[in-house]
Amino acid sequence: IHVLGWNLNKRLDPQWPNLGFISFDISTNPSISPKQVLQELEGDINELVADGHNVALVGDSIGGYYASYMASKYRLPVVLINPLVKPHDSLLLASLLEDKQRDLNLVQGELQEMETAIAEPDSVMVMLQKGDKIQDYEDARDYYISCNQVILNNGSHQFDNLKGWIPVIKNF
């Protein structure tokens, strides 16, 4: 689950899809509310489960927030890559919707409603890089303190050298 035009399939092509991962793109279009995104993700997850697939989630940035929510709701394993912990308070969200205060307030409210406790911390792995300039890695480290964590020095919000971590993600 990813957002903001950061296309994991391109970054990891052809390795990502060849490993059996399916990419869910989340639109940053302000006319699509977080509730609508959740409905779309629920439809995708339900379809995969109905087709007999084993489902686990990987989410980055705000996609990590959505993945965490969906993993708790459906009791799915999840890997969160530099996840936003409180996207409703994020400067990133505010900058995306800076000219649309009404939309910003609506999106912030819906995102805040999604805050949830981690249902099964053993089924959550959080991957953080200290060089993330979008969110202080310590926010996610502290929020997901009871979960499996990989914390690396330096790096960026896009998680530098993610390709090298694909086997770890897959094995988790």
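The coordinates are above.
Residues numbered from 1 in each chain as written. Predicted model: local features only at pLDDT ≥ 70, side-chain atom pairs only at ≥ 80, totals over all residues. Heavy atoms only, no water.

**Structural notes on the sheet that holds strand 5 (residues 124-129)**
Overall, parallel pairing links the 4 strands, which are arranged 3-4-5-6 in an open sheet. The open sheet has two free edges, formed respectively by strand 3 (57-60) and strand 6 (148-152), since each of these has just one partner strand. Between one strand and the next, the sheet's axes are offset by a mean angle of 10°, whatever the strand orientation. Note: strand 5 against strand 6, 5 bridges, orientation parallel. Within strand 6, the residue paired with Gln-129 across the bridge is Leu-152. The strands that helix 4 (residues 62-74) touches are strand 3 and strand 4 (78-81); relative to strand 3, the one it contacts most, it runs at about 150°. (Pairing = 2+ DSSP bridges. Helix = DSSP H or I, 4+ residues; strand = E, 2+ residues; numbered from the N terminus. Axes fitted to C-alpha atoms, helices over the stretch in contact; angles between N-to-C directions. Contact = heavy atoms within 4.5 Å.)

**Focus: the pairing of strand 3**
Burial along strand 3 is two-sided: the face carrying Leu-57 and Gly-59 and the face carrying Val-58 and Asp-60 are both buried. Of the pairings in the sheet, the one linking strand 3 to strand 4 comprises 4 bridges and is parallel in character. Looking at strand 4, one finds that Gly-59 is bridged to Leu-80. Regarding the hand of the β-α-β motif, the stretch spanning strand 3, helix 4 and strand 4 is right-handed. (Buried < 20%, exposed > 50% of the residue type's maximum accessible area, 1.4 Å probe, protein only. Right-handed = clockwise from strand over helix to strand, strands pointing away.)

**Quick look at the packing of aromatic side chains**
If you walk through the whole model with that rule in mind, you get 2 aromatic pairs. With centroids separated by 6.5 Å and ring planes inclined at 85°, the aromatic side chains of Phe-159 and Trp-165 adopt a geometry described as edge-to-face. Classification of Phe-159 as buried rests on a relative accessible area of 0%. (Phe/Tyr/Trp six-rings, centres within 6.5 Å; stacked < 30°, edge-to-face > 60°.)

**Focus: the side chain of Ser-156**
Summarising the element assignment, Ser-156 is placed in the loop between strand 6 and helix 8 (166-171). Polar side-chain contacts of Ser-156 include one of 2.6 Å to the side chain of Asp-160. In contact with Ser-156, other than residues within four places in its own chain, are Asn-82, Gln-129, Gly-131 and Asp-132. (Polar contact = N/O pair within 3.5 Å; in protein donor to acceptor, adjacent residues only side chain to side chain.)

**So, the environment of Met-125**
Examined against the element boundaries, Met-125 turns out to sit in strand 5. With 46 residues separating them in the primary sequence, Met-125 and Val-79 have C-alpha atoms 4.7 Å apart. Residue contacts for Met-125: discarding those within four places in its chain leaves Val-78, Val-79, Leu-80, Asn-148, Val-150, Val-168, Ile-169 and Phe-172.

It is worth stressing that arrangement in space is one thing and function is another; only the former is reported here.
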